[in-house]
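# Coordinate analysis (summary)
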Amino acid sequence: MTRNEKYEQKQKGKGLKKVTLWIPDNSEIEIKQMVEFLIDNPDHIPFMARSITTGRMKKAV
């Protein structure tokens, strides 16, 4: 078993699923931080997002 296969098995053992997403370059860090937060806090869900230009919050659908 390769190192990558061992890593993927470990992540699956934690109840995580591997997903590939296309995201905007300018929001990569924020998306990664949100995903890490959700992994560490499984009883939370993303609900709203803030506009970079207006600062207003918008409900995620």
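Throughout, residues of each chain are indexed from 1 in the direction in which the sequence is written. Local features in this predicted model are restricted to residues whose pLDDT is 70 or higher, and side-chain atom pairs enter the listing and the counts only when it is 80 or higher, whereas totals over whole chains, interfaces and linings include all residues. Values shown for side chains rest on all heavy atoms present in the structure; no hydrogens or waters enter the calculation.

## Observations concerning the confidence of the model for the protein
- Here the protein averages 93 in pLDDT, while 100% of its residues score no lower than 70.
- Known as pLDDT, the predictor's confidence for each residue is given on a scale from 0 to 100. Only DSSP runs of H or I covering at least 4 residues are called helices, and only runs of E covering at least 2 are called strands; the numbering of each starts at the N terminus. Across the protein, element-level confidence peaks in helix α1 (residues 3-13) with a mean pLDDT of 96 and bottoms out in strand β1 (residues 48-50) with 91.

## Let's talk about the pattern of salt bridges
- The salt bridge criterion pairs a side-chain nitrogen of Lys or Arg with a carboxyl oxygen of Asp or Glu, the two atoms within 4 Å. Counting across every chain of the model gives two salt bridges.
- The partner of lysine 32 in a salt bridge is glutamate 28, and the shortest N-O contact between them spans 3.1 Å. With lysine 32 and glutamate 28 both in helix α2 (residues 28-40) and four residues apart, this pair spans about one turn of that helix.
- Type-normalised accessible area, obtained with a 1.4 Å probe on protein chains alone, sets the label of each residue: buried when under 20%, exposed when over 50%, and partly exposed for intermediate values. The class for lysine 32 is partly exposed, based on a relative accessible area of 48%.
- A residue is classified by how much of its surface remains accessible, and glutamate 28, at 33% relative accessible area, is partly exposed.

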